[in-house]
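Reading the structure
Each chain, letter by letter, is given below.
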Amino acid sequence: MDYLFLLAYLCIMSAGLHIYNTLSRKKELFVPLNPPFVGLYVCGPTVYDEVHLGNMRQFTSFDVVYRYLSHLGFKVRYVRNITDVGHLTDDGDQGEDKIEKKARANQIEPMEIVQKYTNGFHHIAKLFNLIEPNIEPTATGHIIEQIEMVKRILANGYAYEVNGSVYFDVKRYMQDHKYGELSGRKIDEQLEQTREELEGGSEKKYFADFGIWKAAAPETIMKWPSPWGEGVPGWHLECSVMSTKYLGQEFDIHGGGMDLKFPHHECEIAQSVGADGKAPVRYWMHGNMLTVNGEKMSKSKGNSFLPMELFSGSHPMLSKGFSPMVVRFFMLQTHYSSTLDFSNEALEASEKGFQRLMNAYTNVWKLSASADGNPVLLSEIQKYSQACEEHMNDDFNTPKTIASLFELAAIVNKVSNGLEKIHEEALTVLQQTMKTYIEKVLGLQPEANQDSQTLDKAMDLIIEIRKQARQNKDWATSDQIRDELAAAGIQIKDTKDGTSWSLV
Ligand code: ZN
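No experiment lies behind these values; they were computed from the predicted model shown. (Residues numbered from 1 in each chain as written. Predicted model: local features only at pLDDT ≥ 70, side-chain atom pairs only at ≥ 80, totals over all residues. Heavy atoms only, no water.)

**Considerations on the packing of aromatic side chains**
Applying the stated criterion across every chain, the model contains 18 aromatic pairs. Judged by centre distance (5.6 Å) and plane angle (75°), the ring pair of tyrosine 158 and tyrosine 173 falls under edge-to-face. Placement of tyrosine 158 in the loop between α5 (143-155) and β5 (159-162) and of tyrosine 173 in helix α6 (residues 170-176) is noted, with a sequence separation of 15 residues between them. One exposure class covers both tyrosine 158 and tyrosine 173, and it is buried. Counting every residue linked through ring pairs, the aromatic cluster contains Tyr158, Phe168, Tyr173, Tyr179 and Phe210. Over the aromatic face of tyrosine 160 sits the side chain of lysine 205, whose NZ or CZ is 4.5 Å from the ring centroid. Over the ring of tyrosine 283 we find arginine 282, and its NZ or CZ is 4.5 Å from the ring centre. (Phe/Tyr/Trp six-rings, centres within 6.5 Å; stacked < 30°, edge-to-face > 60°. Helix = DSSP H or I, 4+ residues; strand = E, 2+ residues; numbered from the N terminus. Buried < 20%, exposed > 50% of the residue type's maximum accessible area, 1.4 Å probe, protein only. Lys NZ or Arg CZ within 6 Å of the ring centre and 35° of its normal.)

**Here we look at the sheet that holds strand β10 (residues 281-287)**
Strands sit in the order β4-β3-β9-β10 across an open sheet of four strands; the sheet is parallel. The sheet is open, and its two edges are formed by β4 (75-80) and β10, each paired on a single side. This sheet shows a mean twist of 20° between the axes of neighbouring strands, independent of strand direction. Note: strand β9 (residues 251-257) against β10, six bridges, orientation parallel. Residue pairing across strands places histidine 254 opposite tryptophan 284, the latter belonging to β10. (Pairing = 2+ DSSP bridges. Axes fitted to C-alpha atoms, helices over the stretch in contact; angles between N-to-C directions.)

**What to know about the packing of helix α2 (residues 53-71) against helix α15 (residues 424-441)**
Contact geometry of α2 with α15 gives a least axis separation of 10 Å together with a crossing angle of 140°. What the angle tells us is that α2 and α15 run oblique. Residues Val64, Arg67, Tyr68 and His71 of α2 form the contact with α15, whose own contacting residues are Thr436, Tyr437, Glu439, Lys440 and Val441. (Parallel < 35°, antiparallel > 145°, perpendicular 65-115°, else oblique. Contact = heavy atoms within 4.5 Å.)

**As for the domain arrangement of the protein chain**
Taken domain by domain, the protein chain holds domain 1 (36-287), domain 2 (291-441) and domain 3 (450-503). In this structure, domain 2 and domain 3 have C-alpha centres spaced 28 Å apart. Counting residues at the interface gives seven residues for domain 2, matched by eight residues for domain 3. Carbon and sulfur atoms supply 41% of the area that domain 2 and domain 3 bury against each other, a total of about 650 Å² over both sides. Contact with domain 3 buries area across many residues of domain 2, yet Asn363, Lys366 and Ser416 alone supply 56% of it, more than any other trio. If you look at where domain 2 meets domain 3, you find zero salt bridges. Counting across the interface, domain 2 meets domain 3 through one residue pair in polar contact (both at pLDDT 80 or more). By residue class, the composition of the side of domain 2 that touches domain 3 is one nonpolar, five polar and one charged. (Domains from an automatic or database assignment. Buried area = accessible area lost by both parts, 1.4 Å probe. Salt bridge = Lys/Arg side-chain N within 4 Å of Asp/Glu carboxyl O. Polar contact = N/O pair within 3.5 Å; in protein donor to acceptor, adjacent residues only side chain to side chain. Nonpolar A, V, L, I, M, F, W, Y, C, P; charged D, E, K, R; others polar.)

**Some details on the environment of threonine 495**
In this structure, threonine 495 sits in strand β14 (residues 490-495). Threonine 495 sits in the partly exposed class, given a relative accessible area of 44%. Separated by 162 residues in sequence, threonine 495 and glutamine 333 have C-alpha atoms that sit 37 Å apart.

**So, the environment of aspartate 84**
With respect to the helices, strands and loops of the structure, aspartate 84 is situated in the loop between β4 and α3 (98-106). The spatial distance from the C-alpha of aspartate 84 to the C-alpha of tyrosine 48 is 7.8 Å, given a sequence separation of 36 residues. Not counting the four nearest positions on each side in its chain, aspartate 84 is found in contact with Val47, Ile99, Met111, Val114, Thr138, Ala139, Thr140 and Met222. Among the polar contacts listed, one links the side chain of aspartate 84 to the backbone nitrogen of alanine 139, at a separation of 3.2 Å.

**Let's talk about the coordination of the zinc ion**
Here the zinc ion is held by the protein donor atoms Cys43 (SG), Cys239 (SG) and His264 (NE2), which lie 2.1 to 2.2 Å from it. Coordination of the zinc ion draws on donor residues from a single chain, spaced C-x195-C-x24-H in sequence. Residue cysteine 239 is found in helix α8 (residues 235-247), and its partner histidine 264 is found in helix α9 (residues 261-276); the two are separated by 25 residues along the sequence. For the pair cysteine 239 and histidine 264, one class covers both residues: buried. (Donors = N, O, S within 2.8 Å, 3.2 Å for Na, K, Ca; no water.)

**Here's the deal with the side chain of aspartate 169**
Residue placement: aspartate 169 occurs in the loop between β6 (165-168) and α6. Side-chain polar atoms of aspartate 169 contact the backbone nitrogen of arginine 172, separated by 3.2 Å. With residues near it in sequence (within four places) discarded, aspartate 169 still touches Tyr158, Ala159, Tyr160, Lys205 and Asp209.

Shown next, in the form of structure tokens:
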């Protein structure tokens, strides 16, 4: 363990990063198990259909977690899996494999479904500017390891075999360990509700038991040989196997949507403890859900969104399309642990806010420093810069960070409009803070990068032509250029240091 790094980290980050740990239900100071290394595992998509917006919100939240940890100087190993087998249509033990079902309906190979929707997911992830994980393991690529884990659980007495399937023995496990701690569910409370299900001829001994290996029907395409016959791994098993394989039996952060807390993550804990005797995760993080106009997003209500429908504006609930960066900004304006409500009006408001922030960000690089800059500006800029850090340290509070960035944008506008003068040191801090938090930490990019570079070049040319006109005392041309640019939303300003321009 690198204690020096840890010490330096705790000193520099005076308040330190605090994370709300779902397991302890408290905000805790983040202390990595093996600094400067941090292990981060996030449950990835099941690639049987186009990734929906709710999933993208989770991945965007954890993208910011990854970015901020990296910004703090940690060496993060970020693992986000692809579920390409084992996820059943009922999210439990009774349904059909989602991918296999889709493949059968389309009369194609399950792996074609997997390839198609993995490609689609990667495409959307790029549009949202998500940083690629360091490892993106697949369930089908880790069948041997999953069989080995089932064997260890069986050997420890926490599982039993029935007709070629292996079930986790929750009752037996509860004699030695706690079950339900993460989700706060009490097994007894559920008993009455689910007893009926069990009477339907289940192979399980106890209603709370869950499949860790499922015997495959003869017509199943995706199946593998095992000591218990041909079958497929249970859905919860893959994450236990892949997280611990790449991050160690105990690792720092495990993230996912709130809907995965139970049973998926609860089962992951039980499997790891059952197989290796160790609770795998130090900090559990859960992102909240998306709603649309205050209602839960669902296909049957017709209010479920695909990212592409949002970008193109083809969804009937939208007045127009919204760019991926606007949607990313919109998502980050709400804390990851709160419900995020989608509506056309909220998106339109976000779009305006995003443009305001990005205009200021474009303009901050065009400001020139003055020797007689206002000395108060430096301390003001430093105050908001520190606020950005404090907000991010407070369980990745992106909405408050964005609010502080708007304070900095207001300073940019004042200087840009000639209402304030800024000296060099203050300008440097202002530029660096905006770059760090807008681009690096929040992952927001100025849109149409190509366009803005072209605009820069065109403006250089126009300003040069105007300069020549002024040297020739051709005031009519000079004024015409200034006025017509102003009408197009571009303001130019002449100072003794030269001519600058900004978007209004
Ligand atoms: Zn998972």
